[in-house]
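Take a look at the letters that make up each chain.
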Amino acid sequence: MYETRYMVSSTKRLPQVPRLFILAGIPGCGKTTWARTFFEPGVIISSDAIREDKWPGEPYDHKRNGEVFDEFHRRIGSRLERPGLAVADATSLAYQARWKLSDLADYHGAEKHLVFFNNMEQALNRNYERTGAARVPPEAQTVMLAKFKESRSAILDEMTEIHYTSTTIIEATK
């Protein structure tokens with residue numbers, strides 16, 4: 001298995017232009033852990049965190065996705081209005097989801113970076129170990145796996161540079 005270890009230079013010195021990191025992978029693959037490892041909390045926009053803020057402790061309900069992602073995109077757009085970093089922490093497996101984020105970055109003149117988490121087995125195990133609202137229901141996970149498989153082949157045509165990760169723990173110097 002090939003792996004690119006992705007390092008982000010110090011996030012304390014802000015870039016001169018807005019920069020968007022789009023995280024893509026199935027639930028449990030380590031997107032949030034990775035984001036928290038390399039970025040300050042204020043630059044991470046998480047669909048899960050928005051869902052938890054709006055409906056604390058309630059189980060996942062796909063019917064709420066419209067409201068969640070309207071707020072997700074609003075917050076990302078707000079972060080991209082000025083130089084600095086924004087990290088889009090959501091599955092971003094559907095083509096349309098990645099292009100919505102890409103369009104937001106383009107609108108704000110932001111650099112965009114896709115970080116694709118390529119570790120299905122680990123993700124499935126981690127999701128199985130989750131409890132309560134953090135655990136993605138099996139039927140939703142099945143849908144995510146199908147999108148993941150579609151994404152792996154389509155993603156090469158979308159981006160000019162792709163960084164894959166296959167482990168949650170990535171050694172780097174901050």
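Residues numbered from 1 in each chain as written. Predicted model: local features only at pLDDT ≥ 70, side-chain atom pairs only at ≥ 80, totals over all residues. Heavy atoms only, no water.

A.B. asks: Help me understand unusual backbone geometry, please; the structure alone is not making it clear to me.
C.D. replies: Glycine aside, residues mostly have negative phi, and peptide bonds are mostly found in the trans state. Even without glycine at this site, S92 takes up a positive phi of about 50°. Within the secondary structure, S92 is located in the loop between strand 3 (84–89) and helix 4 (95–107). (Helix = DSSP H or I, 4+ residues; strand = E, 2+ residues; numbered from the N terminus.)

A.B. asks: Please explain the packing of helix 3 (residues 65–79) against helix 4 as it appears in this structure.
C.D. replies: Helices that pack against each other are described as a pair by the angle of their axes relative to one another and the distance between those axes. Following both chains from N to C, one finds helix 3 and helix 4 inclined at 25°, their axes separated by 10 Å at the closest point. With respect to each other, helix 3 and helix 4 are oriented roughly parallel. For helix 3 against helix 4, the interelement crossing comes out right-handed. Contact with helix 3, carried on its side by F72, H73, I76 and G77, involves K100, L101 and L104 of helix 4 and no other residues of that element. Class assignment of the residues belonging to the contact of helix 3 with helix 4 gives a composition of four nonpolar, two polar and one charged. (Axes fitted to C-alpha atoms, helices over the stretch in contact; angles between N-to-C directions. Parallel < 35°, antiparallel > 145°, perpendicular 65-115°, else oblique. Left-handed = near helix turned anticlockwise from the far one by under 90°. Contact = heavy atoms within 4.5 Å. Nonpolar A, V, L, I, M, F, W, Y, C, P; charged D, E, K, R; others polar.)

A.B. asks: Hey, could you run me through helix 3 in this one?
C.D. replies: For an α-helix, 3.6 residues make a turn, and residues three or four places apart therefore share a direction. Its 15 residues place the ends of helix 3 21 Å apart at the C-alpha level, agreeing with the 21 Å of an ideal helix rising 1.5 Å per residue. When helix 3 is considered as a whole, its buried residues turn out to be V68, E71, F72, H73, I76, G77 and R79. Looking at the packing, one finds that the buried side of helix 3 touches strand 1 (18–24), strand 2 (44–46), helix 2 (47–54), strand 3 and helix 4. (Expected span 1.5 Å × (residues − 1). Buried < 20%, exposed > 50% of the residue type's maximum accessible area, 1.4 Å probe, protein only.)

A.B. asks: When you look at the pairing of strand 1 in this model, what are you seeing that I'm missing?
C.D. replies: In the case of a regular strand, side chains alternate between the two sheet surfaces. Burial analysis of strand 1 places six of its seven residues in the buried class, the great majority of the element. Bridge analysis of strand 1 against strand 3 gives six bridges, and the strand direction is parallel. In the strand pairing of strand 3, F21 is matched with V87. When strand 1 meets strand 4 (residues 111–117), the two strands line up parallel, connected through six bridges. Counted as the bridge partner of R19 is E111 from strand 4. (Pairing = 2+ DSSP bridges.)

Coordinates in, geometry out; function isn't part of it.
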